[in-house]
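Structural description and commentary
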Amino acid sequence: MALTSFDAQLITPDWPAPPSVVAYTTTRQAGVSEGRYAGLNVGMHVGDNPQAVAANRALLPMAQRITWLDQVHKNGCVRLPAKSLQADASVSRNRLHWCAVMTADCVPILLCDKQGTEVAAIHAGWKGLEQQIIASTVTSLVAKPVDIMAWIGPAICLQHYQVDASLAARFEHLENAVRPDTVAGKFCLDLPKIAQMQLLNAGVTKIYHSQLCTYSDPDRFYSHRYAQHHQNAPTGRMVSVIGLA
Ligand SMILES: [Zn+2]
């Protein structure tokens, strides 16, 4: 499906998805939010003016088809359309119900099958990864893992995600997921790498990376960590969307 004018601001996955699949991640460029939320904040729960957030959401391609989850950093996955939307992943085979996850450092992962009949979106921070949100979503799909491709969107990179020893220990069994930081007693955690390994463990081998770090480009991305470090304040959210046209 052809994307329209506003879409120059969007990031689209570089992957061989079939033409029936529409996928994008917003940046903070464009939009009407102001101050610390400046730009295209789509997070209704972060303290921004709700009218601005609603206006921003309305700008998105096929906005009326997007299902906004109530994300809770757990491993729940819902099939759309769903009554309860308290979940961190959604899957859909329905053209009228598109999947979406909001992030600002956590890893957004978009999935589709090569036939273009099913899509999914996953919000994966360390809590969701530890609780196997990826495996939970892949097993919720009708499509077989061998037919699924995945895209790992903009997220905080290893270098910028410093964690303490107790959090690092939760992932030290995964090769290359953790490394010591230059600061004694601190570690760096590689969330995109953990997502990649968990996709592989779930049988998904066609994995594409945005290679974009949310922390490193504050004009382009909302980054929870960056906002904490530089303003000690909340910030906005981007959204990663996938649907069948
Ligand atoms: Zn980074």
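So, here's what we can say about the structure. Every value quoted in this text rests on a predicted model; they were computed, and no experiment measured them. (Residues numbered from 1 in each chain as written. Predicted model: local features only at pLDDT ≥ 70, side-chain atom pairs only at ≥ 80, totals over all residues. Heavy atoms only, no water.)

**Some remarks on the sheet that holds strand 12 (residues 238-244)**
Taken in spatial order, the three strands of this open sheet run 1-12-4, and their pairing is antiparallel. Where the open sheet ends on each side, the last strands, each with one partner, are strand 1 (21-25) and strand 4 (99-103). Each strand of the sheet is rotated relative to its neighbour by a mean of 5 degrees, with strand direction disregarded. By the bridge criterion, five bridges tie strand 4 to strand 12 in an arrangement that is antiparallel. Residue pairing for strand 12: cysteine 99 is matched across the bridge by isoleucine 242. (Pairing = 2+ DSSP bridges. Helix = DSSP H or I, 4+ residues; strand = E, 2+ residues; numbered from the N terminus. Axes fitted to C-alpha atoms, helices over the stretch in contact; angles between N-to-C directions.)

**A few points about the coordination of the zinc ion**
Taken together, Cys157 (SG), His160 (ND1) and Cys213 (SG) make up the full set of protein donors to the zinc ion, lying 2.0 to 2.2 Å away. Since its relative accessible area comes to 22%, histidine 160 is described here as partly exposed. Here cysteine 213 falls in the buried class, since its relative accessible area comes to 10%. (Donors = N, O, S within 2.8 Å, 3.2 Å for Na, K, Ca; no water. Buried < 20%, exposed > 50% of the residue type's maximum accessible area, 1.4 Å probe, protein only.)

**What about the pairing of strand 3 (residues 89-92)?**
Neither face of strand 3 is left uncovered, since the one carrying Ala89 and Val91 and the one carrying Ser90 and Ser92 both have all their residues buried. Here strand 3 runs beside strand 6 (residues 119-124); their pairing, made up of four bridges, is antiparallel. If you follow valine 91 over to strand 6, its bridge partner there is alanine 120.

**Points about helix 5 (residues 191-201)**
Here helix 5 has its buried residues at Leu191, Pro192, Ile194, Ala195, Met197, Gln198 and Leu199. In this structure, the buried residues of helix 5 make contact with strand 5 (107-113), helix 2 (126-130), helix 3 (133-140), strand 7 (148-152), strand 10 (186-189) and strand 11 (206-209). Between the side-chain oxygen of the N-cap and the backbone nitrogen of lysine 193 there are 3.0 Å, and the N-cap of helix 5 in question is aspartate 190. Glycine 203 sits one or two residues past helix 5 and shows a positive phi near 95 degrees. (Contact = heavy atoms within 4.5 Å. Polar contact = N/O pair within 3.5 Å; in protein donor to acceptor, adjacent residues only side chain to side chain.)

**A closer look at unusual backbone geometry**
Most peptide bonds take the trans configuration, and most residues that are not glycine carry a negative phi. That bond from leucine 80 to proline 81 is cis: its omega, -5 degrees, falls within 30 degrees of zero. Examined against the element boundaries, proline 81 turns out to sit in the loop between strand 2 (77-79) and strand 3. The phi dihedral of methionine 62 falls on the positive side, at around 55 degrees, and the residue is not glycine. You can see methionine 62 is positioned in the loop between helix 1 (50-58) and strand 2.

**What about the pairing of strand 6?**
Counting buried positions along strand 6 gives six out of six residues, so the element sits mostly inside the fold. Along strand 6, one buried face is formed by Val119, Ala121 and His123 and the opposite face, lined by Ala120, Ile122 and Ala124, is buried too. With six bridges connecting them, strand 5 and strand 6 associate as antiparallel partners. In the strand pairing of strand 6, isoleucine 109 is matched with isoleucine 122.

**Description of the pattern of salt bridges**
All told, the structure shown has three salt bridges when counted by the stated rule. We note a salt bridge from lysine 114 to aspartate 147, for which the minimum N-O separation is 3.4 Å. With lysine 114 in the loop between strand 5 and strand 6 and aspartate 147 in the loop between helix 3 and strand 7, this pair connects stretches of sequence that are 33 residues apart. You can call lysine 114 partly exposed: its relative accessible area is 49%. In this structure, the salt-bridge partner of arginine 170 is glutamate 130, at a minimum N-O distance of 2.9 Å. Here arginine 170, found in the loop between helix 4 (165-169) and strand 9 (178-180), pairs with glutamate 130, found in helix 2; they are 40 residues apart in sequence, far enough to count as distant. Note on arginine 170: relative accessible area 38%, which makes it partly exposed. In this structure glutamate 130 comes out as partly exposed when scored by relative accessible area, which is 33%. (Salt bridge = Lys/Arg side-chain N within 4 Å of Asp/Glu carboxyl O.)

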